[in-house]
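Summary of structural features
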Amino acid sequence: MAATDGGDDDYVDHPLLAPGFIERRRYQQELADTARADHTLVCLPTGLGKTTVSLLVTADRLHEAGGTALFLAPTKPLVQQHATFYREALTIPDDEITVFTGDVRPDDRADLWTDSRIVIATPQVVENDLIGGRISLADVTHLTFDECHRATGDYAYVYIAERYHADAERPLVTAMSASPGGDEEAIRTVCENLGLAEVTVMTEDDADVADYTHDTEVEWERVSLPDEVIEIRDAINDVITDRLESLKELGVTNSTSPDLSQRDLNRMRGELQELIDADQSEGYEGMSIHAEVMKLRRAVELAETQSVESLRRYFERQRNAARSSGASKASQRLVAEPTVREAMRKAEAFDDLHPKFRQTRVLLAQTLGIGGGERVIVFTESRDTAEALTGFLRESFDVRRFVGQGDKEGSDGMTQKEQGETLDAFRAGEFEVLVSTSVAEEGLDVPEVDLVLFYEPVPTAIRSIQRKGRTGRQDEGRVVVLMAEDTRDEAFFWISRRREREMEDELKQLKGVADEVAADLDDSQTALDAFDGDGSTETGTEATEADGGTAAQPGLAAFDETVGDEAETVGDEADGVVATAGDDDDEAVEIVVDQRELDSAIARDLSTREGIETRLETLAVGDYVVSDRVAIERKSVADFLDTLTGGDRSLFEQVGDLSRHYARPVVVLEGDGLYEERNVHPDAIRGALASLSVDFGVSVLRTEDESDTADLLAVVAGREQTAKDREVSVHGEKSSKTLAEQQEYVVGAIADIGPVTARSLLEGFGSVEAVMTAREEDLMEVDGVGEVTAERIRRVVGSDYR
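The following paragraphs examine the structure supplied in this document.

Cut-offs used in this document
Residues numbered from 1 in each chain as written. Predicted model: local features only at pLDDT ≥ 70, side-chain atom pairs only at ≥ 80, totals over all residues. Heavy atoms only, no water. Pairing = 2+ DSSP bridges. Helix = DSSP H or I, 4+ residues; strand = E, 2+ residues; numbered from the N terminus. Contact = heavy atoms within 4.5 Å. Axes fitted to C-alpha atoms, helices over the stretch in contact; angles between N-to-C directions. Core = buried A, V, L, I, M, F, W, Y, C linked by side-chain atoms within 4.5 Å. Buried < 20%, exposed > 50% of the residue type's maximum accessible area, 1.4 Å probe, protein only.

1. A short note on the sheet that holds strand β21 (residues 664–670)
Strand order in the open sheet formed by 6 strands is β18-β17-β19-β20-β21-β22, with mixed pairing between adjacent strands. Of all strands in the sheet, those with a lone pairing partner are β18 (612–617) and β22 (699–703), marking the two edges. Bridge count for β21 against β22 is 5 bridges, and the pairing is parallel. Looking at the pairing, Val-666 lines up with Ser-699 of β22.

Shown next, in the form of structure tokens:
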């Protein structure tokens with residue numbers, strides 16, 4: 001063990017640790033010993049120093065193996081907190097412990113990476129930098145995944161782990177969580193996704209851990225809703241019942257109870273989606289009704305469990321949404337429903353407090369006044385409630401709010417700097433009550449508090465455990481949950497209790513079978529070593545022999561171009577060259593990816609492939625560039641059909657730019673159901689495809705899905721750069737609209753009449769002004785404009801703005 005006894009047995013002594021800073025705790029050192037030896041999941045109750053365990057491993061790895069340590073945390077506040085801790089705990093210069101978040105420019109991150117010994121980052125930033133080729137994990141000798149229970153599905157942790165195990169020369173992973181999953185299978189999934197081989201668990205039952213914990217019993221405080229709130233709730237529930245009756249007629253539900261479960265609602269949505277996929281009009285109608293039901297249920301939840309003030313704000317957002325351009329039918333129906341409008345009126349007239357507000361004030365007075373406490377945290381699910389509660393409590397206590405960044409639920413967020421300043425002030429005792437949304441749940445080292453108050457029950461065991469970990473560290477504190485009787489709070493209460501007990505049992509069970517789980521993980525990780533880059537997975541460059549001795553079918557790259565090889569190449573200027581194939585690796589090909597394509601998995605997929613390098617750019621033209629002459633515009637079938645029926649920028653504008661700047665423009669049309677998905681006449685689709693090919697000289701290639709598109713891009717890039725020895729060069733910019741195009745755009749936007757009708761109107765009247773001032777009967781004289789369209793145009797142009 002690198003952390004050995006020093007002059008003071010109470011602290012860990014290590015060449016890279018600040019003297020007298022890390023308290024010696026046997027359980028932390030035992031966990032660190034295991035984590036030093038192999039890729040390890042460390043499970044430890046919140047507040048007992050998981051980060052310290054990772055710090056001990058990082059110090060050892062940097063001291064013995066050198067390289068860089070990478071620490072990933074899911075939120076910016078967590079990243080900042082960990083960076084502060086590492087700078088205080090280590091003797092490494094502060095400027096070599098670097099923070100990577102979206103606030104740091106990509107080009108700056110590339111430079112900082114090479115100069116850093118420790119990088120503490122959000123996973124999305126690292127994922128983008130890996131896809132863009134700005135950083136390499138080859139020299140990373142320790143990678144920490146904080147709050148690792150997130151490592152499921154498409155979350156960035158999964159991709160980063162895959163790249164790390166593939167790219168690092170001396171990889172070591174430490175994954176940390178107080179609650180890694182809801183069951184053993186979920187825990188195994190996290191471990192497999194992160195490439196872990198060991199599982200080590202400490203619970204509060206362990207003797208070494210028990211010395212640093214106190215039992216914290218959860219108290220449930222029941223409150224009763226006033227009659228006025230019940231009337232509002234019941235009125236909205238009546239509308240929900242009515243809408244469910246409509247869905248029952250469609251055959252997707254048997255229940256019309258407004259209290260039906262979220263699972264039932266999800267099942268209904270799935271059945272409606274099946275109707276839509278079958279091009280049944282009932283599916284679209286039902287999906288709109290389903291959306292309205294979800295909005296109404298949210299209103300009920302706010303009335304029951306949050307506050308009437310939160311409900312008022314929600315109703316106001318719905319009214320604004322219904323008035324906006326492109327408003328959904330669900331929003332429009334909701335605000336037009338007489339029963340809902342009456343509920344809105346009652347909410348506006350309600351001038352009393354939700355009983356939870358009064359009970360919160362009572363509990364704070366008991367803790368901070370009678371009890372002589374110093375600090376309290378109040379958690380709430382709603383930012384609206386956090387805002388209103390902060391204002392209410394400020395009359396009696398010194399209170400501040402703590403919410404995430406951005407603008408959600410009608411309330412301004414907090415900047416990263418404001419978050420840090422607020423927590424620092426709370427730690428320093430500058431104020432006594434912190435009202436926080438879920439941003440403070442995951443691992444934030446907020447100080448020991450005398451009371452953690454849940455404004456509502458938390459149905460997810462992970463979040464509940466994390467919240468309760470804020471108290472009971474050095475002294476016993478209270479955890480109180482407010483519960484409105486006969487509301488969704490009660491359902492959440494039982495769900496929360498059941499899931500949390502399951503989690504506790506699962507952690508204990510995991511501790512008992514940790515060796516068995518680790519053995520299974522060892523078996524599952526053998527696949528990581530099966531791919532050694534021997535060329536067996538090369539894409540489209542060589543044909544291989546099949547089992548029977550028959551040559552496999554050749555890929556696209558095997559077909560040499562015999563016609564048009566010397567076609568004019570656009571934009572060969574040297575300053576446009578992004579990369580030259582073979583600059584660093586004769587076998588590697590490079591694909592330039594537009595930043596906006598990160599919403600798909602294609603760039604992520606390509607970046608993991610042997611022999612392919614990806615680079616992120618903000619492309620003015622195209623989605624992917626694979627050579628100096630080939631740029632590719634990717635369209636899903638749905639996107640393609642959208643461009644035929646309207647949109648801010650038509651497919652033909654994009655393709656026009658593409659064909660002006662690249663000699664071999666390509667459109668990839670991705671997905672099935674081209675002629676079945678939308679109510680667009682097949683001849684219109686065929687005409688669009690013909691225009692792309694004949695009028696614009698664009699090759700249209702079909703793919704099944706994102707994986708198929710990635711395969712195609714790899715083959716085309718390999719063919720261009722390897723077989724043709726062409727450079728990757730980005731050039732071109734979106735063309736400015738001509739005066740005529742701008743005029744067509746302005747007129748076409750009126751009542752969404754579209755470009756064809758706009759051209760007819762402009763040809764008929766001669767100017768935009770003339771179209772705007774034309775009488776309804778004159779508009780109807782234009783070819784393609786009927787009574788309905790003419791009336792819509794006059795209504796938009798002539799109505800007062802409200």
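2. Focus: the environment of Val-746
Relative to the helices and strands, Val-746 resides in helix α26 (residues 739–748). Put simply, Val-746 and Val-768 are 22 residues apart on the chain and 7.7 Å apart in space, counted from C-alpha to C-alpha. When near neighbours in sequence (up to four residues on either side) are disregarded, Val-746 contacts Val-768 and Met-772.

3. Structural notes on the sheet that holds strand β3 (residues 97–100)
Ordered by their spatial adjacency, 7 strands build an open sheet running β3-β4-β2-β5-β6-β1-β7, and the pairing between neighbours is parallel. Each edge of the sheet is formed by a strand with only one pairing partner; in this case those strands are β3 and β7 (198–201). Between one strand axis and the next, the sheet turns through 15° on average, direction left out of account. Here strand β5 (residues 140–145) pairs with strand β6 (residues 173–177) via 3 bridges, running parallel. Across the sheet, Leu-143 pairs through a bridge with Val-173, a residue of β6. Against the sheet, helix α3 (residues 76–89) makes contact with β2 (68–72), β3 and β4 (118–121), and its axis sits at roughly 180° relative to β3, the strand it touches most.

4. Quick notes on the nonpolar core
Membership of the largest hydrophobic core comes to 58 residues, with the highest contact counts inside it found for Leu-41, Leu-70, Leu-72, Phe-145, Ile-160, Leu-194 and Ile-591. A per-element tally of this core places helix α6 (residues 156–167) first, with 7 residues. Beyond its immediate stretch of four places on either side in the chain, Ile-160 contacts Leu-72, Pro-123, Val-126, Glu-127, Leu-130, Leu-137, Leu-143 and Phe-145.

5. Here we look at unusual backbone geometry
Even without a glycine there, the phi angle at Asp-486 is positive, about 60°. Inspection of the secondary structure assignment puts Asp-486 in the loop between β15 (478–484) and α19 (488–512). Assessed through its relative accessible area of 65%, Asp-486 is described here as exposed. Phi is positive for Asp-725, which is not a glycine, with a value near 55°. Tracing the sequence through the fold places Asp-725 in the loop between α25 (706–723) and β23 (728–729).

Geometric descriptors of this kind do not, in isolation, establish any biological role.
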